[in-house]
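What follows is the residue order along each chain.
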Amino acid sequence: MAGVLVIEDDDRIRLSLALALEDEGYTVRGAASAEEGLVAQREEPADTVLVDLMLPGVDGFECIRQLRRGDDVPIVVISARDDTHDIVAALEAGADDYLVKPVAVKELSARLRALRRRGRTVQALTSMVFGDLEILPEAGEVRIAGEPVPVTRTEFRLLCELGEHPGQVFSRQQLLQRVWEYEIGDERLVDVHVGRLRQKIEKDSKQPRYLVTVRGMGYKLQR
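Now for a description of the structure that goes with this document. As the structure is a computational prediction, the values presented were derived from the model and not from experiment.

Along the chain, His193 turns up in helix H8 (residues 188–201). Looking at His193, the relative accessible area reads 0%, which means it is buried. Beyond its immediate sequence surroundings of up to four residues, His193 is in contact with Ala95, Asp96, Thr154, Glu155, Leu158 and Trp180.

Enumeration over the complete set of coordinates arrives at zero aromatic pairs. Over the ring of Tyr182 we find Arg111, and its NZ or CZ is 4.3 Å from the ring centre. Across the ring face of Phe130, the terminal group of Arg223 is positioned such that the distance to the ring centre comes to 4.8 Å.

This paragraph deals with the side chain of Asp97. Tracing the chain through its elements places Asp97 in strand S5 (residues 97–100). Within polar-contact distance, the side chain of Asp97 engages the side chain of Tyr182 at 2.3 Å. Look past the residues within four positions of Asp97 in its chain and what remains in contact with it is Ile75, Val76, Val77, Leu91, Arg111, Tyr182 and Leu189.

Two measures define how a pair of helices packs: the angle their axes make with one another and the distance between the axes. As a packed pair, helix H6 (residues 153–163) and helix H7 (residues 172–180) sit with axes 10 Å apart at the nearest point and diverge in direction by 115°. Two packed elements cross with a definite hand, and for H6 against H7 that hand is right-handed. Contacts from Thr154, Arg157, Leu158, Glu161 and Leu162 in H6 reach Leu175, Arg178, Val179 and Trp180 in H7.

Moving on, we come to empty space enclosed by the protein. Where empty space is left becomes clear once a probe the size of a water molecule has been rolled over the atoms. Going through the model one piece at a time under the given rule, you end up with one cavity of 30 Å³ or more. If you add up the space inside the largest cavity, you get close to 40 Å³. Lining the largest cavity are Val6, Ile7, Glu8, Leu17, Leu50, Val51, Asp52 and Ile78. Within the residue set of the lining of the largest cavity, elements represented by two or more residues are strand S1 (3–7) and strand S3 (48–51). For the lining of the largest cavity, the per-class residue count stands at six nonpolar, no polar and two charged.

Let us now look at the pairing of strand S8 (residues 141–144). Of the strand pairs in this sheet, strand S7 (residues 133–136) and S8 are connected by four bridges, and their pairing is antiparallel. From the neighbouring strand, Leu136 faces S8, where its bridge partner is Glu141. The hairpin formed by S7 and S8 contains four residues between the paired strands, and Gly140 there has a positive phi angle of roughly 70°. Bridge count for S8 against strand S9 (residues 147–148) is two bridges, and the pairing is antiparallel. From the neighbouring strand, Arg143 faces S9, where its bridge partner is Pro148. Remark: two residues form the turn of the hairpin made by S8 and S9, two consecutive strands paired antiparallel; Ala145 in that turn has positive phi of roughly 50°.

Turning our eyes to something else, we now look at the pattern of salt bridges. The full count for this structure, using the stated rule, is 18 salt bridges. Salt-bridge contacts for Lys101 lead to Glu8; the nearest nitrogen and oxygen are separated by 2.8 Å. With Lys101 in the loop between S5 and helix H5 (105–118) and Glu8 in the loop between S1 and helix H1 (11–23), this residue pair connects regions lying 93 residues apart in the sequence. Among the residues examined, Glu8 registers a relative accessible area of 3% and is labelled buried. A salt bridge links Asp52 to Lys101, with the shortest nitrogen-to-oxygen separation between them at 3.5 Å. Here Lys101 lies in the loop between S5 and H5 and Asp52 lies in the loop between S3 and helix H3 (60–68), a separation of 49 residues in the sequence.

Cut-offs applied
- Residues numbered from 1 in each chain as written.
- Predicted model: local features only at pLDDT ≥ 70, side-chain atom pairs only at ≥ 80, totals over all residues.
- Heavy atoms only, no water.
- Helix = DSSP H or I, 4+ residues; strand = E, 2+ residues; numbered from the N terminus.
- Buried < 20%, exposed > 50% of the residue type's maximum accessible area, 1.4 Å probe, protein only.
- Contact = heavy atoms within 4.5 Å.
- Phe/Tyr/Trp six-rings, centres within 6.5 Å; stacked < 30°, edge-to-face > 60°.
- Lys NZ or Arg CZ within 6 Å of the ring centre and 35° of its normal.
- Polar contact = N/O pair within 3.5 Å; in protein donor to acceptor, adjacent residues only side chain to side chain.
- Axes fitted to C-alpha atoms, helices over the stretch in contact; angles between N-to-C directions.
- Left-handed = near helix turned anticlockwise from the far one by under 90°.
- 1 Å grid on protein atoms, 1.4 Å probe; cavity = no way out; pocket = protein on both sides within 12 Å on 5 of 7 lines; lining within 4 Å.
- Points joined across faces, edges and corners; volume = space filled by probe spheres on them.
- Nonpolar A, V, L, I, M, F, W, Y, C, P; charged D, E, K, R; others polar.
- Pairing = 2+ DSSP bridges.
- Salt bridge = Lys/Arg side-chain N within 4 Å of Asp/Glu carboxyl O.

As structure tokens, this is what we get:
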């Protein structure tokens, strides 16, 4: 069974999420603060971490940043805050997805399953080369000029999807379907992940060489 760590300071919400996810077949641990959750994840890593943003002490944004350091564990934000700034800030901090409370357990479970599938080996060419950028699907690696680049599971799947179709433009909705496996989703997920990837693989993220925007259409990976 997949393990889920729920970092949520509201006891009732934490318990209700745990009970609901256990009914869906997950093993669940809870933490009432970021500090407690970070220790729990270091000592016994979960397969997925759920994080509330409004935590006492260290807030959810910093919790995500600390979880993300050296760890590609899927992170899903569950928060009552639905402001665009908060959503984008959480994704830029390193979260893979963002759900607004109250959360439908069936939807959450479906998203967790999609996140787990993203962690599996990508079936693709042995390697994909775009100038100094090299994508190695079987090894789960990305390199720039021969040097490894740390990417999350979602970032890796996004690169592989674009890399398998060099020069082909994908709309945001197409990428949500192919990478996130969402029939309907928030297109900001795509934009923020593209932005994070550019910070990692481009010499100048504002004038990208590889991962480019086609105005009014979407994104493509070019040689």
